[in-house]
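Residue-level structural notes
Chain residues, written in single-letter form:
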Amino acid sequence: MSLFKTVSAVALLLALGTAPALADKAAAKKWIDSEFQPSTLSKEDQMKEMEWFIKAAKPFKGMEINTVAEAIPTHDYESKVLAKAFEEITGIKVNHQIIGEGDLVQAIQTQLQTNRNLYDAYVNDSDLIGMHMRLGLTVNLTDWMAGEGKDVTDPMLDVGDFIGKSFTTGTDGKLYQLPDQQFANLYWFRKDWFDRPDLKEKFKAKYGYELGVPVNWSAYEDIADFFTNDVKEIDGVKVYGHMDYGKRAPDLGWRMTDAWLSMAGEADVGIPNGRPVDEWGIRMEKDSCNPAGASVSRGGGTNSPAAIYAVAKWDEWLRKYAPPGAADLDFYQSLPALSQGNVAQQIFWYSAFTASMVAPKDKGNNTVDANGKPLWRMAPSPHGPYWKEGSQRGYQDAGSWTLLKSTPLERRKAAWLWAQFVVSKTVDVKRSQVGLTFVRDSTIRDKSFTERAPKLGGLIEFYRSPDRVAWTPTGVNVPDYPKLAQLFWENIGDVNSGAFTPQEAMDRLAQQMDDVMGRMQRADEKNKAYSGCGPRLNKESDPSKWLSKDHAPWAKRDNEKPKGETIAYDELIKRWTNNQ
């Protein structure tokens, strides 16, 4: 074909208005070849999925939408890389704003309260599932995908592939949020130190069992004491057996609501959350959607013996075994501590920070070797003396795409396309390689992560193991997360300051939670503010009526420090691998 004919053909295509579609496909092919690798899909299937997005997005081409997420590497990648790809492929421009978690919660609260469209979609923690399913202001995704949103729902989405869908499902069985990123709070330890024969020998001589991954809090406490007061120093550096934080700030509340009480064993048996008593201590009967109270006097567990024990241990360990000044740090200030290389273990560490913990040694990370392999490992967090088999083991954050009814329909549809794009099988493996916050089972099992696993300290083994289901976010018992969560940090802060004992603080917290839920009950009874699923508080009675050895709230144990129990890390990994 001559050059003249080629130019004429292009001009004709432009005149017919078909060139943009070809450009979209070309853009998709470019991104598939250059960025969206590896993937669980073949390039042919990736292209098939992108062609669906191109077609579904045509009515919205040229639109500019606004979405928001919290500041973690996964969302930075979405904002800086995937938004550009989405615009080139679909013609929809996305302003994916990255803000602090507290600001994000405030924004979604404001939109819910005012009915003004601030953002077209939110990556909002699934911790708010109890509120979303009750207020009637959040789009029910199950019905949306089958109804109004059917024409913009990816036929290759595969909702069953999302490992956190149970976290974002209401008591009505409907899906209210679509997971975008997940990370767990896991036990972290210096495996190179734990493997030293001299330290193993010393530990066993003192405690009568092996130095290893602690199964219970007794062992964790023994190990914390051992490294802080017996080992004291390694390679000329003063070392500590524990790390945590205690500054009076909102993130101190998350420290507690992120399953600290249930790790101690405060809740009833049940996955993803204890029922009838959950990890916040809120009671809600198994066949009900109405919370019945937080105080033991109403059948709750927020001020139960297990909860008091949990808070007391948090305060004690922080003071006795953590580096100086830890009690004055907030969550963000405490993060760099582990990479300094002077802490032996941490009971509660978010796997979202794996990427920074595998940074090279020349970047100031003292916990990797010369080849970049971690000297540390992550493992299941130990549980306290009130914990029962079959209960929640810890917390898992599940930031999830959330659509609000106050968003105009066309903008909501365009935002839903964007939300599905960033979690699509076409892009999810690469996105997960950047952020290491998995939402798809197929991604976790991709061969690229089998190859990378040795450099990720146990993260892949954990997510491929059957154990992962016991790490869950806040559940449906909590009727209004923003209103209740703020009560935690104020009361726990008073324990850290010494103004209140753990018992006094938790008694006050439980009462305040009941007061707030009482106001919610009145609003629900008056005008169905919570769709009939608002609190219906039990009448107060003598706590002894509720305390039991058979169910939560649990009666006080005679011995809150049973013998320490550990497991060898290699045995743990073998068990996970054999049960995958």
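My aim in this report is to walk through the structure given alongside it, one point at a time. (Residues numbered from 1 in each chain as written. Predicted model: local features only at pLDDT ≥ 70, side-chain atom pairs only at ≥ 80, totals over all residues. Heavy atoms only, no water.)

1. Examining the overall build of the protein chain
A count of helices and strands for the protein chain gives 23 helices and 11 strands. Against the globule reference of 25 Å for 580 residues, the protein chain gives a C-alpha radius of gyration of 25 Å, in line with a compact fold. Judged by the C-alpha coordinates and their principal axes, the protein chain covers about 90 × 65 × 40 Å. In the protein chain, which comprises 580 residues, the share counted as buried stands at 60%. For the protein chain, long-range pairs separated by at least 24 residues make up 75% of all intrachain contacts whose partners lie at least 6 apart in sequence. With an accessible surface of roughly 22200 Å², the protein chain has 52% of that area assigned to carbon and sulfur atoms. Both charge centroids of the protein chain, one from 72 positive and one from 78 negative side chains, sit 3 Å from each other. (Helix = DSSP H or I, 4+ residues; strand = E, 2+ residues; numbered from the N terminus. Rg over C-alpha atoms; globule rule 2.2 N^0.38 Å. Buried < 20%, exposed > 50% of the residue type's maximum accessible area, 1.4 Å probe, protein only. Contact = heavy atoms within 4.5 Å. Areas by Shrake-Rupley, 256 points an atom, 1.4 Å probe, with all protein chains shown as cover. Lys, Arg positive; Asp, Glu negative; His and termini not counted. Charge placed at Lys NZ, Arg CZ, Asp CG, Glu CD.)

2. Considering the nonpolar core
A general tendency of soluble globular proteins is for nonpolar side chains to be buried together. The biggest cluster of nonpolar side chains holds 117 residues, and the ones touching the most others in it are Trp217, Phe227, Trp260, Trp280, Trp314, Leu484 and Met513. With 10 residues, helix H13 (residues 305-321) is the single largest residue contributor to this core. Excluding residues that lie within four positions of it along the chain, tryptophan 217 makes contacts with Trp260, Met263, Ala264, Tyr309, Ala310, Lys313, Trp317, Ile347, Pro382, His383 and Gly384. Counting residues in hydrophobic clusters, the runner-up holds 48 residues, among them Ala28, Phe86, Leu141 and Val422. (Core = buried A, V, L, I, M, F, W, Y, C linked by side-chain atoms within 4.5 Å.)

3. A few points about the pairing of strand S8 (residues 345-350)
By the criterion of burial, S8 is predominantly enclosed, with 6 of the 6 residues buried. Pairing of strand S4 (residues 178-190) with S8, which is carried by 4 bridges, proceeds in the antiparallel orientation. Paired with leucine 186 across the two strands is tryptophan 349, which belongs to S8. (Pairing = 2+ DSSP bridges.)

4. Structural notes on the layout of surface pockets
Put simply, the largest pocket is a space of about 400 Å³. Around the largest pocket sit 20 residues that line it, and Gly102, Val105, Pro250, Trp254 and Gln486 are the ones nearest its centre. Within the residue set of the lining of the largest pocket, elements represented by two or more residues are helix H5 (101-114), helix H11 (250-257) and helix H21 (481-497). With 6 residues, the single largest contributor to the lining of the largest pocket is H21. By residue class, the composition of the lining of the largest pocket is 10 nonpolar, 5 polar and 5 charged. (1 Å grid on protein atoms, 1.4 Å probe; cavity = no way out; pocket = protein on both sides within 12 Å on 5 of 7 lines; lining within 4 Å. Points joined across faces, edges and corners; volume = space filled by probe spheres on them. Nonpolar A, V, L, I, M, F, W, Y, C, P; charged D, E, K, R; others polar.)

5. Description of the side chain of aspartate 330
Residue position: aspartate 330 is located in the loop between H13 and helix H14 (331-334). Of the side chains bearing the opposite charge, lysine 247 lies closest to the buried aspartate 330, which forms no salt bridge; the N-O distance is 4.7 Å. Side-chain polar atoms of aspartate 330 contact the backbone nitrogen of glutamine 333, separated by 2.7 Å. Setting aside anything within four residues of it in sequence, one finds aspartate 330 in contact with Tyr245, Lys247 and Asp251. (Salt bridge = Lys/Arg side-chain N within 4 Å of Asp/Glu carboxyl O. Polar contact = N/O pair within 3.5 Å; in protein donor to acceptor, adjacent residues only side chain to side chain.)

6. Considerations on helix H17 (residues 428-435)
The element H17 is largely enclosed, with a buried count of 7 among its 8 residues. Looking at H17, one finds that the buried residues are Asp428, Val429, Lys430, Arg431, Ser432, Gln433 and Gly435. Just downstream of H17 lies leucine 436, where phi reads positive at about 55 degrees.

7. Thoughts on the packing of aromatic side chains
Counted according to the given criterion, the structure contains 40 aromatic pairs. Against the face of tryptophan 387 rests arginine 393, its NZ or CZ located 5.4 Å from the ring centre. The ring of phenylalanine 500 carries arginine 508 above its face, with NZ or CZ at 4.3 Å from the centroid. (Phe/Tyr/Trp six-rings, centres within 6.5 Å; stacked < 30°, edge-to-face > 60°. Lys NZ or Arg CZ within 6 Å of the ring centre and 35° of its normal.)

8. Some words on empty space enclosed by the protein
Here the structure, examined in full by the defined rule, presents 3 cavities of 30 Å³ or more. Taken as a whole, the largest cavity encloses approximately 80 Å³ of empty space. If you list the elements that add at least two residues to the lining of the largest cavity, you get H14 and S8. Tallying contributions element by element places S8 first for the lining of the largest cavity, with 4 residues. Its residues placed into classes, the lining of the largest cavity shows 7 nonpolar, 2 polar and no charged. Quantified by volume, the second largest cavity comes out at close to 60 Å³. Around the second largest cavity sit Glu70, His75, Glu101, Leu104, Val105, Val123, Asn124, Asp125, Gln181 and Gly399, which together line it.

9. Quick notes on the pattern of salt bridges
Pairing is possible between side chains of opposite charge, provided their charged atoms come close. Applying the stated criterion to the full structure yields 39 salt bridges. Lysine 430 is paired through a salt bridge with glutamate 35; the nearest N and O atoms lie 2.9 Å apart. Of the two residues, lysine 430 is situated in helix H17 and glutamate 35 in the loop between helix H2 (19-34) and helix H3 (43-57); the sequence distance between them amounts to 395 residues. Note on accessibility: lysine 430 and glutamate 35 belong to one class, buried.

10. So, helix H16 (residues 409-422)
With 14 residues, H16 should cover 20 Å at 1.5 Å per step; its first-to-last C-alpha distance of 20 Å lies within 8% of that length. Among the 14 residues in H16, 11 count as buried, and that is most of the element. Of all the positions in H16, only Arg412, Lys413, Ala414, Ala415, Trp416, Leu417, Trp418, Ala419, Gln420, Phe421 and Val422 are classed as buried. (Expected span 1.5 Å × (residues − 1).)

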